[in-house]
Amino acid sequence: MKIEIKSQNLALTENLQRHIARQIEFGLGRLASHIRKVTVRLSDINGPRGGVDQHCQLVISLEQIPDVVIEDVASDLIFAINRAADRASRTVSRKIRQSRGFAPHMQPSY
């Protein structure tokens, strides 16, 4: 699973890059065989003015399934990254199950 990190109006430090990679691996690692690439886009919407404006967008490119896009905005960038990675894990799992013909509420019949 390839992870690409892009930032706009934010300093992309080594520590931040490592944190992002850990969160993506933790949340999506078990699904890596279905994922081609994860693009992480970070931005500070308001710049130096502050506020709830730290934006994290995850674009998960899957094998034979449409891309999954998850976005989160928070006053703290780490919080936005963590929450987006958590939501991505649940959403990608659900999309993979659905692509196999299983709805989340259905149990296979034997």
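If you're wondering where the values come from, they're calculated on a predicted model, not measured in any experiment.

Draft legend 1. Here's a closer look at the nonpolar core. Membership of the largest hydrophobic core comes to 24 residues, with the highest contact counts inside it found for L28, L58, I60 and V92. Elements with a minimum of two residues in this core: α1 (14-28), β2 (35-44), β3 (54-62), β4 (68-74) and α2 (77-99). It is α2 that contributes the most residues to this core, seven residues altogether. Leave out the neighbours within four places in its chain, and L58 touches I24, T39, V40, V68, V69, I70, A84, A85 and A88.

Draft legend 2. Representation of the environment of R30 in the model. Within the element layout of this structure, R30 appears in the loop between α1 and β2. For the pair R30 and S89, spaced 59 residues apart in sequence, the C-alpha to C-alpha distance is 9.3 Å. If near-sequence neighbours (up to four positions away) are discounted, R30 is found in contact with S89 and S93. A distance of 3.4 Å separates a polar atom in the side chain of R30 from a polar atom in the side chain of S89.

Draft legend 3. Quick peek at α1. Compared with an ideal rise of 1.5 Å per residue, which puts 15 residues at 21 Å, α1 spans 21 Å between its outermost C-alpha atoms and is within 8% of the ideal. Buried-residue contacts for α1 involve β1 (2-8), β2, β3 and α2.

Draft legend 4. Quick look at unusual backbone geometry. Positioned with a positive phi, N9 is a non-glycine residue whose angle comes to about 65 degrees. Position of N9 among the secondary structure elements: in the loop between β1 and α1. Notably, Q64 is not glycine yet its phi reads approximately 60 degrees, a positive angle. Checked against the element boundaries, Q64 lands in the loop between β3 and β4. Taking the relative accessible area as the measure of exposure, Q64 reaches 83% and is therefore exposed.

Draft legend 5. Representation of α2 within the structure. Its 23 residues place the ends of α2 32 Å apart at the C-alpha level, agreeing with the 33 Å of an ideal helix rising 1.5 Å per residue. Within α2, burial applies to L77, A80, I81, A84, A85, A88, S89, T91, V92, S93 and I96. On its buried face, α2 is in contact with α1, β2, β3 and β4. Here α2 starts with a cap whose side-chain oxygen sits 3.4 Å from the backbone nitrogen of I78, and that cap is D76. Of the residues trailing α2, G101 is marked for its positive phi of about 95 degrees.

What counts and what doesn't
- Residues numbered from 1 in each chain as written.
- Predicted model: local features only at pLDDT ≥ 70, side-chain atom pairs only at ≥ 80, totals over all residues.
- Heavy atoms only, no water.
- Core = buried A, V, L, I, M, F, W, Y, C linked by side-chain atoms within 4.5 Å.
- Buried < 20%, exposed > 50% of the residue type's maximum accessible area, 1.4 Å probe, protein only.
- Helix = DSSP H or I, 4+ residues; strand = E, 2+ residues; numbered from the N terminus.
- Contact = heavy atoms within 4.5 Å.
- Polar contact = N/O pair within 3.5 Å; in protein donor to acceptor, adjacent residues only side chain to side chain.
- Expected span 1.5 Å × (residues − 1).

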